[in-house]
Amino acid sequence: METESEPYVRLATLRQLHQVVAELNTARSLADTLQTVADGAINGLGYELAAVNLVRPDGDLVVAAVAGSAGAEALMAGRAGSRTSWERRLAMGERWGDLIFIPHTEGWVLDDDDVPQWHTAGPVPRFPDEWHPMDRLFAPMYTASNGGGELLGVISVDRPRNGRRPGPWGQEALQMYAFQSAIAISNARLRANMQRALVRLEREQQALRASEESFRQAFEYAPSGMAVAEMGGDQHGRLLRTNDALCRLLGRPASGMRRYSFSDLVHPEDIGTLLRTSAEGGRAELRLARRDGTYVWVSLRNSVVADTADGPRFLLTHVEDIEERKRHELQLAHRASHDSLTGLPNSAELRARLGARLCSRPPGSMADAYASRVLHTDPHEAPGFRPDGKEPFDGLDGFEGGPPAPFDHHVHLVAPADGPADDGSKGLAVLFCDLDGFKSINDRFGHNTGDAVLIEVARRLTSGVRDGDTVARLGGDEFVVLADGLGTADAQDLAVRLRNAIIPPIRVEGRAVRVGASFGIGWASCGMTAEEVLESADQRMYVEKRSRSKANRRAAG
């Protein structure tokens, strides 16, 4: 089971990984891209030393970039290792997915070969998973995903900052980073080739035919999608030419593509992103429609093909398939924000959702009074006029110093009146649930039975609420339900229904076990923090638990 701090660590790691992956595509040249790859392993993945070994045309691998140590860079940069020595390395050690880990107990045979390497002295590991100074970890980069295609290069990393070998989370992050780095390096080479072709088209008028053929080959045989569109005039944005890769990606024939522009193919929710993308050097991540009606995530990069006489005429668009990366991002984001046992939102996600509904301004403040006097809610009144004929902003006397800050359209949360009677007001109810008798089940039957009980309780709670409500696992045997639009009586009825849903026996491995539940009902209100709201519900839960215990004792007496 995860500790409470792991989701926060994973979320921070995910943010760092997103940042360094985004930086891969901002480098302006191949050399900058290679150095950005090395720097990203240091800044985003938590290693102290990283080197990028790039395959040369002759097959050997040259150290193209080093990060983390000036001494290592001076010793290794620009030096090459033979392809034979590298193939020996990639065939040794342990395979962690696409990664190659060579422990120090096996790697000593590589100390004297011709591959540039750098090691620093360090203490002997005390634990099995502690990093040894002579351990080696390699992330191969291929021209296709899942280790397919030709070897493009190898990222070698050393000295994790936490001093331990990376676990499954760190291994997956390094594999994903190597995959994205391979794409960035391939794209940098492609952009360099395209830029050289464009320069030739612009500067070498006498070699126009040769330049056009070079461009055609680079365009047609590019591994990712390419398109040429019109600029200006009535047909602005219309696709003039698309390569085979783009046609295959969208499942459309080239002849049919010429009837569209990207604005015709983009997902309705992404049209604003497309329109905000500038013509020259613009980038956007959005969804394009396939012929079968589904959508695929792509990254668009635009550049202008200039005519020296008439100015810019065509828009060259590079379309990269990022569906797999987006899927990985969603999976990582879900793992960081959800409980691994029950699949419910975890403590961090619960606080984020609750905090999004709260603001620091308590209800009944001056700004709310101002909004109530200048914003009309009576459907029988004409918009923009008051019954007395004055302008909507007349009659602001009573607000010293003029009107307060503009109304921010935030729907403020107000807790219903606290008391036995339901005054009919609605609010965001926070039901804090603590299981009764769970510890004895855990102690008596073991953690596997306890986990099965938690999973079933989560299922019953989820089945007992509306689609828009939130059921989260706070930790241990504590759950929280967020239910909006409820009155006092509604919240009490919901707590009774959920308690009754939990009480029936739960069968685990042929054995029936029972747990009870105590609920405390709190109310979210603007001016409170998420922690204050949860603490209020928690305190009410303990009051309810103690009152029920006293009642049971009196009944037993």
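Residues numbered from 1 in each chain as written. Predicted model: local features only at pLDDT ≥ 70, side-chain atom pairs only at ≥ 80, totals over all residues. Heavy atoms only, no water.

(A) A look at the overall build of the protein. Each helix and strand in the protein was counted, giving 18 helices and 18 strands. Within the protein, counting contacts between residues at least 6 apart in sequence, those at least 24 apart form 60% of the total. (Helix = DSSP H or I, 4+ residues; strand = E, 2+ residues; numbered from the N terminus. Contact = heavy atoms within 4.5 Å.)

(B) Fine view of the packing of aromatic side chains. Applying the stated criterion to the full structure yields 3 aromatic pairs. Ring geometry for Trp96 and Phe101: centres 4.6 Å apart, planes at 15°, overall stacked. Residue Phe101 is classed as buried on the basis of its relative accessible area, which comes to 0%. Relative to Trp131, the ring of Phe101 has its centre 5.9 Å away and its plane inclined at 55°; by these criteria the two rings are tilted. Of this pair, Phe101 sits in strand S5 (residues 99-102) while Trp131 is found in the loop between helix H5 (104-107) and strand S6 (136-142), placing the two residues 30 residues apart along the sequence. Site record: aromatic cluster; members linked through ring pairs are Trp96, Phe101 and Trp131. (Phe/Tyr/Trp six-rings, centres within 6.5 Å; stacked < 30°, edge-to-face > 60°. Buried < 20%, exposed > 50% of the residue type's maximum accessible area, 1.4 Å probe, protein only.)

(C) Quick look at the nonpolar core. Among the nonpolar cores identified, the biggest contains 38 residues, and Leu137 and Tyr177 are the most heavily contacted of them. Ranked by residues supplied to this core, first place goes to helix H6 (residues 168-203) with 9 residues. Beyond its immediate sequence surroundings of up to four residues, Leu137 is in contact with Tyr47, Trp96, Leu99, Ile100, Phe101, Trp131, Ile155, Ser156, Val157, Pro166 and Leu174. Ile441, Leu454, Val481 and Val508 belong to the second-largest nonpolar core, a separate cluster that totals 31 residues. (Core = buried A, V, L, I, M, F, W, Y, C linked by side-chain atoms within 4.5 Å.)

(D) Main features of the sheet that holds strand S15 (residues 478-486). With antiparallel pairing, 4 strands are arranged side by side in an open sheet as S14-S15-S13-S18. Looking at strand neighbours, the two that pair on one side only are strand S14 (470-475) and strand S18 (516-524), the edges of this open sheet. Here the average twist between neighbouring strands, direction ignored, is 25°. Examined bridge by bridge, strand S13 (residues 427-436) and S18 share 9 bridges and lie antiparallel to one another. Along S18, the bridge assignment pairs Leu431 with Ile521. (Pairing = 2+ DSSP bridges. Axes fitted to C-alpha atoms, helices over the stretch in contact; angles between N-to-C directions.)

(E) Broad picture of unusual backbone geometry. Backbone geometry places Arg159, a non-glycine residue, at a positive phi of 55°. Position of Arg159 relative to the elements: it lies in strand S7 (residues 151-160). In this structure, Glu509 takes a positive phi of about 55° despite not being glycine. Structurally, the position occupied by Glu509 is in the loop between strand S16 (506-508) and strand S17 (511-513).

(F) Quick look at the packing of helix H16 (residues 447-463) against helix H17 (residues 488-502). Close contact between H16 and H17 brings their axes to 9 Å; oriented N to C, the two are set at 145°. For the pair H16 and H17, the sense of crossing is right-handed. Only Leu498, Ala501 and Ile502 of H17 make contact with H16, whose side of the interface consists of Val457, Arg460 and Leu461. (Left-handed = near helix turned anticlockwise from the far one by under 90°.)

(G) Spatial organisation of helix H2 (residues 30-43). The end-to-end C-alpha distance of H2 is 20 Å, a good match for the 20 Å that 14 residues give at a rise of 1.5 Å each. Within H2 the residues assigned to the buried category are Thr33, Leu34, Thr36, Val37, Ala38, Gly40, Ala41 and Ile42. (Expected span 1.5 Å × (residues − 1).)

(H) Looking closely at the pattern of salt bridges. Evaluated as defined, the whole model comprises 27 salt bridges. Measuring nitrogen to oxygen at the nearest pair gives 3.3 Å for the salt bridge that ties Glu285 to Lys326. In this pair, Glu285 is assigned in strand S10 (residues 283-289) and Lys326 in helix H12 (residues 323-337), connecting sequence segments 41 residues apart. The partly exposed category is assigned to Glu285, whose relative accessible area is 30%. Given a relative accessible area of 16%, Lys326 falls into the buried group. In this structure, Asp434 engages Lys545 in a salt bridge whose closest nitrogen and oxygen atoms are separated by 3.0 Å. (Salt bridge = Lys/Arg side-chain N within 4 Å of Asp/Glu carboxyl O.)

(I) Examining the environment of Gly167 more closely. Within the secondary structure layout, Gly167 lies in the loop between S7 and H6. Its relative accessible area of 33% is what places Gly167 among the partly exposed residues. It is 9.0 Å that separates the C-alpha atoms of Gly167 and Asp129, two residues lying 38 residues apart in sequence.

(J) Region of the structure containing the packing of helix H15 (residues 438-445) against H16. Two elements in contact, H15 and H16, have axes separated by 6 Å at closest approach and are oriented at 145°. Across the interface between the two elements, Phe438, Ile441, Asn442 and Phe445 of H15 pack against His447, Thr449, Gly450, Val453 and Leu454 of H16. Of the residues that constitute the contact of H15 with H16, the class distribution is 5 nonpolar, 4 polar and no charged. (Nonpolar A, V, L, I, M, F, W, Y, C, P; charged D, E, K, R; others polar.)

(K) Quick look at the pairing of S5. Judged by which residues are buried, S5 turns out to be covered on both faces: Leu99 and Phe101 on one side and Ile100 and Ile102 on the other are all buried. Examined bridge by bridge, strand S4 (residues 94-96) and S5 share 3 bridges and lie antiparallel to one another. What sits directly across from Trp96, in S5, is Leu99. If you look at the hairpin formed by S4 and S5, you'll find 2 residues sitting between the two strands, and Gly97 has a positive phi there, around 70°. Bridge count for S5 against S6 is 3 bridges, and the pairing is antiparallel. Paired with Phe101 across the bridge in S6 is Leu137.

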